[in-house]
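# Summary of the model geometry
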There are 2 protein chains.
Amino acid sequence: MARITVPQGTQPIPVQGTQVVRRVAALLRMIGRKPGGMSLPGLVRETELTRPTVHRLLASLAAEGLVDHDAASGNWILGPEVFLLGSVAAARFSFDELARPGLRRLAEETGESAFYSIVRGRETVCVLREEGTFPVRSFVLHEGVRFPVGVASAGMVILAFLPKEEREEILADWDEHAGSFGAGHTLEIVRKGLAETALRGYSVNPGLVLEGSWGMGAAVFDRDGRPVGAVSMTGIEPRFRAERQPFLGKLLLEEAHRITAKLQG
Amino acid sequence: MARITVPQGTQPIPVQGTQVVRRVAALLRMIGRKPGGMSLPGLVRETELTRPTVHRLLASLAAEGLVDHDAASGNWILGPEVFLLGSVAAARFSFDELARPGLRRLAEETGESAFYSIVRGRETVCVLREEGTFPVRSFVLHEGVRFPVGVASAGMVILAFLPKEEREEILADWDEHAGSFGAGHTLEIVRKGLAETALRGYSVNPGLVLEGSWGMGAAVFDRDGRPVGAVSMTGIEPRFRAERQPFLGKLLLEEAHRITAKLQG
DNA sequence: CCGCTTGGTCCACTTAGTGGACAATGCCCG
DNA sequence: CGGGCATTGTCCACTAAGTGGACCAAGCGG
């Protein structure tokens, strides 16, 4: 009997299981990353599965309505069943209600785009976006985008406020954890960023994901004081210069606190 | 190699495949039916799988965040990943934008609760609900609820306007198709209802799902003239008496036409 | 025209998944 | 308070379900 390892647990807990479930979940997550979906070869590349296997799984998923095959682009995209299940699940996870007003205020007051991301296992996932008015905008971050915890401003502030043990565990094999983001986010840079973040309360990402695309983030905590999400803003470097950072940081912290209060109340 | 048959196609098309995918999809749909989730025995009963199998699949799904195990009730509910994937998929399926305003108008003008359901394979799925002001309300229908096509007012009006071939195919093995709803929805009753629906344009469900819980529906069509959804209202019998039906029907048809226009435009 | 990428299918091999059986816990009722 | 019953959880021998190497076809660019 095979044992699969769970991605999110503190330790990889062996779970009796269904290889297929893990693979299917991975495929759906991959496809959900980009609104335009993913091509078969793309999925094969990123999942390290063989092409026939991916193809077969996708065909089955399509038969269930969980994915669609966009005839035009040839891409695989999330299907109607995912939407339906999601809208049922949404009753339990009403982030919109929770964070939308805050993001709107941030976007209005600053002109930058504002985001709310949540923690899922060892990743952050962007769930809400509110476009700013400033005419130059970054499209690195949008709903559905996932980063390893510690990457980008939201991930950075979350990692900074995670219990020391967990943080060190993640940093222990940082390169593997960070994957392709390791290039910009070297262990050294991240450690320095974490220290500064812990001090100020908010994080600053000086274009580590994409050069010129800056970001700042503040964490949202649950009742146990555990970071479960983050408010963040992104924009171009000139809008995130040192002199403006305290202003943006203050706003971010205010909104993060407000959301934290709502969440805990 | 096993061949699985696809539930929605006109004919059961053999698909090479993944038994597990079908089972997992079935489980997720089942769990998504009720906001409070489902117990393991309940799932076992309705899926005709063995308990160990259901349990193992659920455990794997939980490890992926696709389901959660509610410690209090012991029920399995849809997990955060489903919400996340759903919110990405929502970009492609914006029924809220499409139908919400119409439902709101209906609820306000009539006092009854209004719903929007869509067709998925051979089922209708309720995706939107707008509560009416009338103090006695039925809770038979809510977001996520699925009925076989032909059952309840939405299903009835959809079946009525499906191409004759498909309609007859469904009616051919009605009892199997209708399952537990066959009790109220006998072939005879349904055929009569379909005829009347085709004539008037809107359907009337005189408490076939649950005695005293009436409903009326009007269909929404895509560019090819195929019914893809339905607007419906539910309430208690006294609110759906013969003399009020033309009034309600007219409103339903108006809103259904409006949605159809939006959809096609 | 040929190399290269992509989509799709086949089928022998074997591993992953299955489910009967067992154990434990909790609850109701006589 | 003990026996019946429903529920959750785990084990492991068996085998059918899933895998993936191999193959074919189509499309694209040089």
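Below is a summary of the structure that appears in this document. Bear in mind the structure is a predicted one, so any value in this text is a computation, not a measurement.

### Side note on the packing of aromatic side chains
In the structure shown here, the tally under the stated rule is twelve aromatic pairs over all chains. Within the aromatic cluster, the residues linked to one another by ring pairs are Phe 83 of chain A together with Phe 93, Phe 95 and Tyr 116 of chain B. Taking NZ or CZ as reference, Arg 239 of chain B lies 4.0 Å from the ring centre of Phe 134 of chain B, over its face.

### Some thoughts on the interface of chain B and chain A
In this assembly, 47 residues from chain B lie in contact with 47 residues from chain A. A combined buried area of about 4200 Å² lies between chain B and chain A, and 70% of that area is made up of carbon and sulfur atoms. Of all residues in chain B, Glu 64, Phe 83 and Leu 85 of chain B give up the largest surface area on contact with chain A, accounting jointly for 16% of the area buried on that side. At the junction of chain B and chain A, the tally comes to eight salt bridges. Across the pair Asp 68 of chain A and Arg 92 of chain B runs a salt bridge, and its minimum N-O distance is 3.0 Å. Linking chain B with chain A are twelve residue pairs in polar contact (both at pLDDT 80 or more), by the criterion used here. Taken together, the elements giving at least two residues each to the side of chain B that touches chain A come down to α1 (19-33), α3 (51-63), β4 (76-78), α4 (80-89), β5 (113-120) and β6 (123-130) of chain B. Per element, the largest residue contribution to the side of chain B that touches chain A is nine residues, and it comes from α4 of chain B. Its residues placed into classes, the side of chain B that touches chain A shows 27 nonpolar, ten polar and ten charged.

### Details of the sheet that holds β6 of chain B
What holds strands together in a sheet is hydrogen bonding between their backbones, with the strands either parallel or antiparallel. Residues and elements named next belong to chain B. An order of β7-β6-β5-β10-β9-β8 is seen for the six strands of this open sheet, with the pairing classed as antiparallel. At either end of the open sheet lies a strand with only one pairing partner, and these are β7 (146-148) and β8 (202-205). Across the sheet, the mean angle from the axis of one strand to that of its neighbour is 30°, orientation sign disregarded. Strand direction decides the pairing type here: β5 and strand β10 (residues 227-236), joined by six bridges, are antiparallel. Pairing of Ser 117 across the sheet is with Ala 230, part of β10. Helix α10 (residues 245-264) contacts β5, β8, β9 (213-221) and β10 of the sheet and is inclined by roughly 30° relative to β9.

### Remarks on the relation of the copies chain B and chain A
Expressed as a screw operation, the relation of chain B to chain A combines 0.0 Å of axial shift with a rotation of 180°, fitting to an RMSD of 0.1 Å. Taken together, the rotation and translation describe the operation of a two-fold axis. Relative to the rotation axis, the closest C-alpha in chain B is found at Gly 86 of chain B, a distance of 1.9 Å.

### Quick word on unusual backbone geometry
All names here are of chain B. In the Ramachandran plot, Glu 48 falls in the positive-phi region, its phi being about 45° despite a non-glycine side chain. Of note, Glu 48 is situated in the loop between α2 (40-47) and α3. Taking relative accessible area as the criterion, Glu 48 reaches 76% and is therefore assigned exposed. Phi at Ala 152 is positive, roughly 70°, even though this residue is not glycine. One can find Ala 152 in helix α6 (residues 152-161). Here Ala 152 falls in the buried class, since its relative accessible area comes to 11%.

### A word on the sheet that holds strand β8 (residues 202-205) of chain A
All names here are of chain A. Sheet architecture is open: six strands sit in the order β7-β6-β5-β10-β9-β8, paired in antiparallel fashion. With partners counted over all chains shown, the strands left at the sheet margins are β7 (146-148) and β8, one partner each. Between one strand and the next, the sheet's axes are offset by a mean angle of 30°, whatever the strand orientation. Across three bridges, strand β6 (residues 123-130) lies against β7 in antiparallel orientation. Along β7, the bridge assignment pairs Thr 124 with Phe 147.

What counts, and where the lines are drawn
- Residues numbered from 1 in each chain as written.
- Chains lettered and ligands numbered in written order.
- Predicted model: local features only at pLDDT ≥ 70, side-chain atom pairs only at ≥ 80, totals over all residues.
- Heavy atoms only, no water.
- Phe/Tyr/Trp six-rings, centres within 6.5 Å; stacked < 30°, edge-to-face > 60°.
- Lys NZ or Arg CZ within 6 Å of the ring centre and 35° of its normal.
- Contact = heavy atoms within 4.5 Å.
- Buried area = accessible area lost by both parts, 1.4 Å probe.
- Salt bridge = Lys/Arg side-chain N within 4 Å of Asp/Glu carboxyl O.
- Polar contact = N/O pair within 3.5 Å; in protein donor to acceptor, adjacent residues only side chain to side chain.
- Helix = DSSP H or I, 4+ residues; strand = E, 2+ residues; numbered from the N terminus.
- Nonpolar A, V, L, I, M, F, W, Y, C, P; charged D, E, K, R; others polar.
- Pairing = 2+ DSSP bridges.
- Axes fitted to C-alpha atoms, helices over the stretch in contact; angles between N-to-C directions.
- Least-squares fit on C-alpha atoms with pLDDT ≥ 70 in both.
- Buried < 20%, exposed > 50% of the residue type's maximum accessible area, 1.4 Å probe, protein only.

Such coordinate-based values are descriptive only and should not be taken to indicate function.
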